[in-house]
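The residues making up each chain are set out below.
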Amino acid sequence: MLGGGLRSVVVGNHAPELDELRGRAEVYFAKAAYAGGILEGIHHYRFAGAKDD
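Read on for a plain summary of the structure. (Residues numbered from 1 in each chain as written. Predicted model: local features only at pLDDT ≥ 70, side-chain atom pairs only at ≥ 80, totals over all residues. Heavy atoms only, no water.)

### Comments concerning the side chain of Glu26
Mapping Glu26 onto the fold places it in the loop between strand 1 (8–10) and strand 2 (27–29). Buried and unpaired, Glu26 has Arg24 as its nearest opposite-charge partner, separated by 4.2 Å. The contacts of Glu26, once residues within four sequence positions are left out, are Leu2, Gly3, Gly5, Leu6, Arg7, Ser8 and Tyr45. (Helix = DSSP H or I, 4+ residues; strand = E, 2+ residues; numbered from the N terminus. Buried < 20%, exposed > 50% of the residue type's maximum accessible area, 1.4 Å probe, protein only. Lys, Arg positive; Asp, Glu negative; His and termini not counted. Salt bridge = Lys/Arg side-chain N within 4 Å of Asp/Glu carboxyl O. Contact = heavy atoms within 4.5 Å.)

### Details of the environment of His44
Note that His44 resides in helix 1 (residues 34–45). The exposure class of His44 is partly exposed, given its relative accessible area of 41%.

Set out below in structure tokens:
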């Protein structure tokens, strides 16, 4: 599902099996875990009006 070409976020506390997706342009690996990782991904992709600080 994460390798389907859509922008994806993998949170910091991901399962080790997802490491094989590293390096794909459409998959962002967040440092933060849980919801914090999703928020980090939203900022990374500039969704919902998120702006650089």
